[in-house]
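What follows is each chain in one-letter form.
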Amino acid sequence: MLQGWVIVVASFAYLGVLFAIAYWGDKRAEAGRSIIANPYIYALSLAVYCTTWTFYGSVGRAASSGIGFLPVYLGPTLMVPLWWYVMRKIIRISKAYRITSIADFVASRYGKSQLLGGLVTVIAVVGVIPYISLQLKAISGSFTILRHYPDVVMPAKALALPFLQDTAFYIALMLAAFTILFGTRHLDATERHEGLVAAIAFESVVKLAAFLAVGAFVTFAVYRGFGDVLGQAAKTPELRGLLTVPATSGSYVSWTFLTLLSMLSILFLPRQFQITVVENVDEGHLGKAIWLFPLYLLLINVFVLPIAIGGLALFSGARVDADTFVLTLPMFRREEALTLFAFIGGLSAGTGMVIVETIALSTMVCNDLVMPVLLRMRSLRLNEWRDVSGLLLSIRRLAIGAILLLGYAYFRVAGEAYALVAIGLISFAAVAQFAPAILGGIYWRGGTRAGAFAGLSAGFAVWAYTLLLPSFAKSGWLPASFLSEGLLGVALLKPQQLFGLTGMDEIPHALFWSMLANVGLYVAVSVASRPGVSETSQAALFVDVFERTHAFDRSRLWRGSASVQDLLPLTGRFLGPERAREAFLAYARRRGVGSLEALPADADLVHFAETQLAGAIGGASARVLVASVVQEEPLGLDEVMDILDEASQVRAYSRELEQKSRALETASAELRAANAQLQELDRMKDEFMSSVTHELRTPLTSIRAFSEILRDDPKAPIAERVRFLAIIVKESERLTRLIDQLLDMAKIESGNAEWHAAELDVREAIQDSVEATSQLFRDSGVELAVALQPAPRVRADRDRLVQVIMNLLSNAVKFCPRGGRVEVRLAPAPEGVRVDVQDDGPGISPADQDIIFEKFRQVSDTLTGKPRGTGLGLPISRRIVEHFGGRLWVESELGRGATFSFVLPLDAAAQAAEEPRRAAQGTGAGR
């Protein structure tokens, strides 16, 4: 029995585990053993995208629109592959200039504008408040439902209860306290929270496991698998529509806009920016996240439709909110442990989002709203405070509490009028307004502060008019006529049919008008306005972040005088004196300076101090503070443009040098390759001369020796004289044959060989060759088999072809053992005509199969260990075949004979025209 105290204890126990993980992560980071310097932890922490909206709301949306819940996850899946180009650039910029929030990013890009940072903060807070209320609604609703276990009872309307009796109020307070403990224990110039990231990665695993457990229970315990679930849905008319996309143009428009909306949200939701950019420790981790995060989205959505179908079928006729199916289905089946696990999964999804989101928003509120105001209040005399870090932490803690109470207030005012997913989409549409200013800011130098301000203001105003105010109207806080008749009764001003645009759902409708106004004004005003000095320099630094040499540009873009004695105390007021001193000493060591007193007070030091302050109070406020203690000489716009032009020329020259360097490297590589080839040719020439000399000297030595014997011994017996003369004749013939082959090879390679091409029947050439070598086969005791299929005629030199076939046959019989068998085959082939000469000799090893086609390279007789022949037969044969466009090769295994094959194309003579080119290529010796 799940009693209330069990639920409360389990909830606090889980939150305690999260806190323990965060504490452990922080301690590891302080010890220099970071646990988040791991791409898998980073990828899991990105799943903070999946909140209670995903855990509960996706099922609710699937129950009403079927697969219509998919665009919210399809968008991030499509956007993530682009992270390497977009998000990596944002991360690089943020690391370079110590940017700690999305408001700080926009403000820094457009000249460190406090006004722009404040506007972005207001949009983010107002836009995300509905999303936070969504989490409160989901957590409090699931808690209330669970208290009635095992009965499935929907919670009462929040407005029906005083807020002191409302569970959501206490959950908001608990989350505020927990977030303050998590995220504002100390002030860090980098605004990174390693323990928090580790805890978020853990809660991503918990919510995924809980959702998969419920999904598997419904799919395989309630039903008999996916096929059964979908089959049951297909048989039920009320459920059949969930499996298809409605075939209306409005549905496709909604899919398109929702996909685009979710693509922008994964980039610009404050919590996503916090985790993806601010908490990133290595931009290389994006490489893993690019495939791990979509995999996570796939897993957490695989059971959405089965749960929705199961809930609709089991609760048919009952008044059970589809948003609660993940919890109520195991309750209905009296699965206590699974029910509690599902509740913890939903709690995990909600707390993770609220903690990260409120930390991100509190940083923005502190740095871009409150601190700029306080710095202007001279009566506070902040410049006289020795340590302002306590004030900063207090502001952030108060901001966290205020944001959560605002979320609770929205939940009381408008939260009951919408389903979970609808509330989430309102927030998505709000943060999508950052897209033009940020994407334009990192890729377009022409974007100006005035353009960004105009675009953001217009987009936010349209968003509020078409989405936020209608949510109040649906809750009864504004007159219903505002929706039905439009502002002041003007039909064209109906917030959800603005200017008569109908046929679109409210979210695509709002996104269309807000982005039209935002992008249109951003571009138009940017083109029409003239950027200031600071804007121009920041635009160049942001757009060219991958190319620019930061030190050079910073030192060129700042001119003035400063001192360590001014900058160090200033930084110490906001980071704490000790931490500031440690940071400055570390900076001095990096520059090779032994003490702070010897540190040069140059532009780099000013930039260092400013980035340290930027991490604590934002780039815009940091600029103001630093300017108050240094004497800066303002640069004119023309000077800045000259510097940037000069820098561009330097980069262009550098790129040109790089290109020339690469060209030189390529040329050097080609020269090395050519030199290696020449050395190889020289080696082959020496080898060739050695082989030729050897081949010529062997028969000459024999002839000379036997001739001298005959001369010196005229009385030698007749039989012996005849035998010596036969040897002399045989060696002379061998010498003649060798010389003929050398001449033949030389003519072929030089292209001076005579060719007499004519149409011929290869079958006849083979038969003539077989007849000419038949006696040789009989003498050797080798059987010769012939299998000649009808084949088309080819155009080639008949004598040369016979020379090739006879060479192959004589080789085959030479290496075939007595009693062996040689077979000659002729057959048509796709390339033309194919001839095979197969023997059952000792075979040729794979290592020797290329060597035998080189000149004077022979395979030794396995019986005698001595090579046979001149080593020119096969090279000449291959050149002859190649002359006619064919090819000659061997297939063999040791001990299993060899098959020499060649193919001649039907129009062999035409291939001969290529002979001069091929003649320049050398080949090697034969078998």
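All of these numbers come straight from a predicted model, not from anything done at the bench.

What counts, and where the lines are drawn
- Residues numbered from 1 in each chain as written.
- Predicted model: local features only at pLDDT ≥ 70, side-chain atom pairs only at ≥ 80, totals over all residues.
- Heavy atoms only, no water.
- Helix = DSSP H or I, 4+ residues; strand = E, 2+ residues; numbered from the N terminus.
- Buried < 20%, exposed > 50% of the residue type's maximum accessible area, 1.4 Å probe, protein only.
- Contact = heavy atoms within 4.5 Å.
- Areas by Shrake-Rupley, 256 points an atom, 1.4 Å probe, with all protein chains shown as cover.
- Phe/Tyr/Trp six-rings, centres within 6.5 Å; stacked < 30°, edge-to-face > 60°.
- Axes fitted to C-alpha atoms, helices over the stretch in contact; angles between N-to-C directions.
- Parallel < 35°, antiparallel > 145°, perpendicular 65-115°, else oblique.
- Left-handed = near helix turned anticlockwise from the far one by under 90°.
- Nonpolar A, V, L, I, M, F, W, Y, C, P; charged D, E, K, R; others polar.
- Salt bridge = Lys/Arg side-chain N within 4 Å of Asp/Glu carboxyl O.
- 1 Å grid on protein atoms, 1.4 Å probe; cavity = no way out; pocket = protein on both sides within 12 Å on 5 of 7 lines; lining within 4 Å.
- Points joined across faces, edges and corners; volume = space filled by probe spheres on them.

Q: Can you walk me through the overall build of the protein chain in this structure?
A: Across its full length, the protein chain carries 36 helices and nine strands. Within the protein chain, buried positions represent 53% of all 927 residues. Considering only residue pairs separated by 6 or more positions, the protein chain has 81% of its internal contacts joining residues 24 or more positions apart. About 39,900 Å² of surface is accessible on the protein chain, with carbon and sulfur atoms providing 59% of the total.

Q: Help me understand the packing of aromatic side chains in this model?
A: A ring pair, where both rings are aromatic, is described by two values, the distance of the centres and the angle of the planes. Going through the model one piece at a time under the given rule, you end up with 35 aromatic pairs. With 6.5 Å between their ring centres and 45 degrees between their planes, phenylalanine 143 and phenylalanine 343 make a pair best called tilted. With a gap of 200 residues between them, phenylalanine 143 in helix α7 (residues 114–147) and phenylalanine 343 in helix α17 (residues 336–376) connect regions that are remote in the sequence. Exposure class is identical for phenylalanine 143 and phenylalanine 343. Each is buried. Where tryptophan 444 meets tyrosine 522, the ring centres are 5.8 Å apart and the plane angle is 80 degrees; that geometry is what we call edge-to-face. Taken together, the positions of tryptophan 444 in the loop between α20 (435–443) and α21 (449–474) and tyrosine 522 in helix α23 (residues 506–528) put the pair 78 residues apart, joining distant regions of the chain.

Q: When you look at the packing of helix α9 (residues 194–222) against helix α15 (residues 304–314) in this model, what are you seeing that I'm missing?
A: The packing of two helices is summarised by the inter-axis angle and the distance between the axes. α15 packs onto α9 with a crossing angle of 55 degrees between their chain directions and a minimal axis gap of 9 Å. Judged by the inter-axis angle, α9 sits oblique to α15. Handedness of the α9/α15 crossing: left-handed. Counting all contacts with α9, which are made through Phe211, Val214, Gly215, Val218, Thr219 and Val222, the residues of α15 involved are Val304, Pro306, Ile307, Gly310 and Leu314. Class assignment of the residues belonging to the contact of α9 with α15 gives a composition of eight nonpolar, three polar and no charged.

Q: Help me understand the pattern of salt bridges, please; the structure alone is not making it clear to me.
A: Pairing between side chains of opposite charge can happen when their charged atoms approach one another. In total, this model carries 20 salt bridges according to the counting rule given. Residue glutamate 283 is joined to arginine 88 by a salt bridge in which the shortest nitrogen-to-oxygen separation is 3.8 Å. Highlighted residues: glutamate 283 in the loop between α13 (270–278) and α14 (286–301) and arginine 88 in helix α5 (residues 87–96), separated in sequence by 195 residues. One exposure class covers both glutamate 283 and arginine 88, and it is buried. Between glutamate 823 and arginine 821 there is a salt bridge whose closest N-O contact spans 3.3 Å.

Q: Explain empty space enclosed by the protein to me, please; I cannot follow it from the model alone.
A: Once rolled over the atoms, a probe with the size of a water molecule shows which space is left empty. Within this structure, the stated rule accounts for three cavities of 30 Å³ or more. What the second largest cavity holds in volume is close to 40 Å³. Lining the second largest cavity, in full, are Tyr97, Arg98, Ile99, Asp104, Ser108, Lys112, His607, Thr611, Ala614 and Gly619. Partitioned by chemical class, the residues of the lining of the second largest cavity number three nonpolar, four polar and three charged.

Read these as layout, nothing more, since geometry by itself doesn't imply function.
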